[in-house]
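# Examination of the molecular architecture
Spelled out, the chains give:
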Amino acid sequence: MRLDAQLHYLDNAATTMVDPEVADAIDGAIRGVWANPSSLYGPAIEAHETLAAARSKVAKAIGCRPREITFTAGGSEGNNIAILGAVAPRRSWGNKIVVSGFEHPSAQLPIRNLGQQGFEVVEINPGPDGRLDVDRMAAAVDRSTVLVCCMAVNNETGARQDIARLAAAVKARNSRTAVHVDAVQAWLRVPLCLKNVDSLSVSGHKIHAPKGIGALYLREGYHILPPFLGGGQENGIRPGTENLPYAVGLGVAAERGAKAMKASSAHAAVLNARLRAGLAQIPGVTINSPDDGVPEVLNFSQHAVKSQTMLNYLSDRQIYVSSGSACDRGEPSHTLAAMGCDPKTIDTALRVSFCADNTEEDVDALLAALRQGLAELQHI
Amino acid sequence: MKEIILAYQGEMTLKGLNRSKFEARLAKSIRYRLENLGKFKVSSSQSTVYIQPLEEDLDMEEAARRVSKVFGIVKLSRAACCDKDFDTICQTAEAYLGQTLRGIRTFKVEAKRADKQYPMKSPDICRELGAFLLSKHPHLRVNVHEPELEIMVEIREHGAYIHGPKTPGAGGLPVGTSGRALNLLSGGIDSPVAAWCMARRGLALHHIHFASPPYTSPRAKLKVRALARELSEYTGNCTLFVVPYTKPQEYIRDNAPDVLFTVLMRRSMLRIAAMVARKCELEALITGESLAQVASQTMAALVCTDAAQSLPVLRPCIGMDKNEIVALSRRIGTFETSIEPYEDCCTIFTPPHPKTRPSLDEIEAAEAGMPGLAELEQAAAENVERIPIHIGDDPEF
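Starting from 1, residues in each chain are numbered consecutively following that chain's sequence as written. Starting at A for chains and at 1 for ligands, labels are handed out in the order in which the entities are written. Where totals are concerned, whole chains, interfaces and linings use all residues; where local detail is concerned, this predicted model gives features only for residues with pLDDT of at least 70, and gives and counts side-chain atom pairs only at 80 or more.

### Considerations on the overall build of chain A
Helix and strand assignments follow DSSP, with helices taken as H or I runs no shorter than four residues and strands as E runs no shorter than two, numbered in order from the N terminus. Helix and strand counts for chain A come out as 11 helices and 12 strands. Values of the radius of gyration come from C-alpha atoms, whereas the globule rule sets the reference at 2.2 Å times the count of residues to the power 0.38. Its C-alpha atoms give chain A a radius of gyration of 21 Å, near enough to 21 Å, the size a compact globule of 380 residues would have. Expressed along its principal axes, the backbone C-alpha trace of chain A runs to roughly 65 × 50 × 30 Å. Considering chain A as a whole, with its 380 residues, one finds that 51% of them fall into the buried category. By definition, residue pairs are in contact when their C-beta atoms, positioned from the backbone, come within 7 Å. Contacts spanning at least 24 positions in sequence make up 74% of the contacts within chain A whose residues lie at least 6 apart. Once C-beta atoms are placed from the backbone, each residue is buried if 20 or more other C-beta atoms lie within 10 Å of its own, exposed if 12 or fewer, and partly exposed for counts between those two.

### Observations concerning the overall build of chain B
Helix and strand counts for chain B stand at 13 helices and 14 strands. Here chain B holds 397 residues, and 44% of them are scored as buried. If you take every contact in chain B between residues at least 6 apart in sequence, the share linking residues at least 24 apart comes to 81%.

### Some remarks on the domain arrangement of chain A
All names here are of chain A. Domains are outlined according to an automatic or database domain assignment. Looking at the assigned domains, one finds that chain A contains domain 1 (8-18 + 261-376) and domain 2 (20-255). For domain 1 and domain 2, the distance between their C-alpha centres works out to 27 Å. Within the residue set of the side of domain 1 that touches domain 2, elements represented by two or more residues are α7 (244-280), β10 (297-301) and α9 (334-338). It is α9 that provides the largest number of residues to the side of domain 1 that touches domain 2, a total of four residues. Looking at side-chain class alone, the side of domain 1 that touches domain 2 contains 12 nonpolar, 13 polar and three charged residues. Basically, the charged four are Asp, Glu, Lys and Arg, the nonpolar ten are Ala, Val, Leu, Ile, Met, Phe, Trp, Tyr, Cys and Pro, and anything else, Gly included, counts as polar.

### Brief notes about the domain arrangement of chain B
Residues and elements named next belong to chain B. On domain assignment, one finds that chain B holds domain 1 (3-171) and domain 2 (180-389). The gap between the C-alpha centroids of domain 1 and domain 2 is 43 Å. Across the contact, five residues belong to domain 1 and six residues belong to domain 2. Of the residues assigned to the side of domain 1 that touches domain 2, the class counts are two nonpolar, two polar and one charged.

### Points about the interface of chain A and chain B
Taken together, the contacts link nine residues of chain A with nine residues of chain B. Considering only residue class, the side of chain A that touches chain B consists of one nonpolar, five polar and three charged.

### A closer look at helix α2 (residues 42-62) of chain A
Residue and element names in this part refer to chain A. To estimate the expected span of a helix, subtract one from its residue number and multiply by 1.5 Å. Helix length check: α2 (21 residues) gives 31 Å between terminal C-alpha atoms against 30 Å at 1.5 Å per residue, within 8%. Considered for burial, the residues of α2 that qualify are A47, T50, L51, A54, R55, K57, V58, A61 and I62. Buried residues of α2, viewed axially, fall in a sector of 160°; they line one side. The outward face of α2, more than 90 degrees from its buried face, is lined by the exposed residues G42 and E49. In this description, the arc belongs to the directions extending from the helix axis to the C-beta atoms.

### Brief notes about the sheet that holds strand β9 (residues 286-287) of chain A
The strand order across the open sheet formed by three strands is β9-β10-β12 (chain A), and the pairing between neighbours is antiparallel. Only two strands of the sheet have a single neighbouring strand rather than two, namely β9 and β12 (349-353) of chain A. By definition, two strands form a pair when at least two bridges between them are found by DSSP.

### Things to note about unusual backbone geometry
Put simply, P213 of chain B and P214 of chain B share a cis peptide bond, and its omega is 5°. Along the chain, the position of P214 of chain B falls in the loop between β10 (204-211) and α6 (218-235). Of note, the phi angle at N196 of chain A is positive, near 70°, even though the residue is not glycine. Residue placement: N196 of chain A occurs in the loop between β6 (178-182) and β7 (199-203). The phi torsion at E234 of chain A lies on the positive side, around 50°, for a residue other than glycine. Inspection of the secondary structure puts E234 of chain A in the loop between β8 (214-218) and α7.

### As for the packing of helix α5 (residues 190-200) of chain B against α6 of chain B
Residue and element names in this part refer to chain B. Every axis in this analysis is a line fitted to C-alpha atoms, fitted for helices over the stretch in contact. Angles between the N-to-C directions lie between 0 and 180 degrees. Two elements in contact, α5 and α6, have axes separated by 10 Å at closest approach and are oriented at 15°. When the interaxial angle is binned, α5 and α6 end up roughly parallel. Classified by chirality, the crossing of α6 by α5 is right-handed. For the pair α5 and α6, the contacting residues are P192, A195, W196 and A199 in the first and L227, L231, Y234 and T235 in the second. Its residues assigned to classes, the contact of α5 with α6 comprises seven nonpolar, one polar and no charged. Just so you know how the angles are binned, under 35 degrees is roughly parallel, over 145 roughly antiparallel, 65 to 115 roughly perpendicular, and the rest oblique. Two helices crossing with the near one rotated counterclockwise from the far one by less than a right angle form a left-handed crossing, whereas a clockwise rotation gives a right-handed crossing.

### A closer look at the sheet that holds strand β6 (residues 141-142) of chain B
Residue and element names in this part refer to chain B. Spatially, β2-β3-β1-β4-β8-β7-β5-β6 is the arrangement adopted by the eight strands of the open sheet, whose pairing is mixed. Edge positions in the sheet fall to β2 (40-45) and β6, since each has one partner strand and no second. With seven bridges connecting them, strand β5 (residues 106-113) and strand β7 (residues 149-156) associate as parallel partners. Its bridge partner lying in β7, E110 is registered against M152. Contacting β1 (3-9), β2 and β3 (48-53), helix α1 (residues 19-34) runs over the sheet at an angle of about 160° to β2. Relative to the sheet, helix α3 (residues 86-102) contacts β4 (73-82), β5, β7 and β8 (159-171), its axis offset from that of β8 by approximately 40°.

### As for α5 of chain B
All names here are of chain B. Of all 11 residues that make up α5, 11 are buried, and the element is covered over most of its length. Residues of α5 that are buried: D190, S191, P192, V193, A194, A195, W196, C197, M198, A199 and R200. One or two residues past the end of α5 sits G202, with phi positive at roughly 95°.

### Description of the pairing of β10 of chain B
Residues and elements named next belong to chain B. Among the eight residues that make up β10, eight are buried, leaving the element largely enclosed by the rest of the structure. Residues A204, H206, I208 and F210 of β10 are buried on one face, and the alternating residues L205, H207, H209 and A211, pointing to the opposite face, are buried as well. As paired elements, strand β9 (residues 180-184) and β10 share five bridges and run parallel to each other. In the strand pairing of β10, R180 is matched with A204. With its strands directed away from the observer, a crossover is right-handed exactly when the path from the first strand over the helix to the second travels clockwise. Assessed by its sense of winding, the connection that carries the chain from β9 through α5 to β10 is right-handed. Bridge count for β10 against strand β11 (residues 238-244) is five bridges, and the pairing is parallel. Each residue of the ladder has a partner; that of A211, found in β11, is P244. After leaving β10, the chain enters α6 and then returns to the sheet as β11, a path that is right-handed.

### A closer look at the environment of T15 of chain A
Residue and element names in this part refer to chain A. If you trace the backbone, T15 turns up in the loop between β1 (8-9) and α1 (20-32). In sequence terms T15 and P210 are 195 residues apart; their C-alpha atoms lie 8.9 Å from each other. Excluding its chain neighbours within four sequence positions, the residues that come into contact with T15 are H205, K206 and K211.

### Side note on the nonpolar core
One finds I51, V153, L182, L205, V243, A273 and L285 of chain B to be the most contacted residues of the largest nonpolar core, which totals 111 residues. Taken together, domain 1 (3-171) and domain 2 (180-389) of chain B each give at least three residues to this core, which thus spans both. Each residue touching L182 of chain B, except ones within four places of it in the same chain, is listed here: L205, H206, I208, A273, V276, A277, L282, L285 and I286 of chain B. A186, L192, A268 and F354 of chain A belong to the second largest nonpolar core, which has 106 residues in total. Here, a nonpolar core means buried Ala, Val, Leu, Ile, Met, Phe, Trp, Tyr and Cys residues linked by C-beta atoms lying within 7 Å of one another.

Here it is as structure tokens:
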């Protein structure tokens, strides 16, 4: 899928290149399946069937039933629908939300906003290794807790959270508490466990589908009050005429991703080990990702050159990494801050994220440019 | 109904024999701003600019918005124009302002008679038109002291005008009547405000920005381009000069005392800006400095900066508090872009404890220890990138 061997794209947690097979499937659907899936005539029935097939593929890759899948415009929309939708009907009996301290802004900000509207919000920060103390988080759940929200894999460090244990512990303390999981970075990188999980959001552009499509899993029988109202599509959860071509693309990407998951994880582990070994040779570098994080993401600090400067330097050499999350647009990382990292660690952090297309040459090019940059650039 | 825009000239009415030059410049600016909206006739008479549409269905709302950003105009109003026959005036007033009158409780009619041949005198016009409108809107009361709406009727030679409410204009003097200058645009909050303040005093200006890749990001440059575009509604078309500043900046860092770095860098930037300004025949430099805001803006530091080159340095923000600068920045619409978090060259390599009272002697001694700097500055000035900025370019970045 890569276009240019000289281009070292190592920021796959920000977005991925669209798989040509996905693009072809979308192209076919855009040109061939144009009818509104909700209409009643022949071509519309075909559109409906096409959408249903895409939904099945996505459901299979998440591990649920097709009727539990709602197509969304992406991870942010999924998180907002799940959070706002869960809280609204539970307001009558509770006013507490428990959330991890390193959520993506699309979960963190709606919850903080609810905090300003009178909800008691408890944020549980991770330890220095980026992992959450599940027991501490579950202990914060009480009779009035309406929602617990947690990321399955952190977007900046790749730290995995023990969602299965967390969800079980939450339900043990209060069976009415809704559990929402942001699985945008976890999907097709680690197996998802849906037991005791009420809702879970995923996004297409992290798995080689285009931007603008995602899915929200809502456990059958689980009730939310959707924040948007409209024509009743997607069971009324996400109204608006369905983005059928992109849903088709998401289906293809999900199917292909699920098939390749094991091999691609193993490949990422090789690259991750190579990068860690290379970084160990560079004095002053510390790793911010936990040892058992997903191999696709590696976050480290070089303690010498500001992240933005190093990023610009690498960019001039066609090596693309990020200084944290692309969604923070250059602001200091709130995840590393929540982990208690010191300012210099945060200011000099870089995140490398792999996909199956990356090669050892990419890693070597990054290591060489990094060494060169550290020698040439002004240290802070 | 035919509608026109009346734009009232501000302090330029106080000018003497050269007033016509200011008026011509103002009319030119207005014509240019309205050019792609359709055909308008722009003419001046008695301290007022008449902006008359020459085609049907022109977007008067947008025209008024654009005119409100042209410097030289202190207030503007839209007005319906009609024949001078009094019945027609009454009917037009009702048609033009009836809806507004339904939503308020008090009003007043003012009349002005430029055409002294008109059979009714001003007080008669006020009384008669007021009575007519009261008969149409019995809920209304006349309040001559604090009316919610003051209706102005003007009887001029070629017709009558019935004005809607007056809205504020941008004030100042027409851009281009006070000379030409080069504004140092860093990407922060202050420098766009400085540019706006000086353009309001009639300066035509261009911008200069210092980029130090890889320490500064390409996004910082896009941000500055967006700021220049946002300002262009006020300043008019201009050029953004981008100086490749990495080498001089690294040279200063490597060859000068740490504590003097910022002042030495400011001096170096002003020298380069002066070279570019002279080449483009610009007469002054503009900065967003505010006294004592940071270490390089103390009185002692400004003395050192001023001595670096001989063009006058205009600092309109010098006596403003940060709060005032921020408020102005919000008003002119540059604040949201200014706070985007991309580092500019003013904040890199800065020492933790810069000297707040540098003396010119020690600064000149430090520069004597940097014999290669002049050549690097010359090269930077010569390799400047020119980005044309046009009014109406999308400021999104």
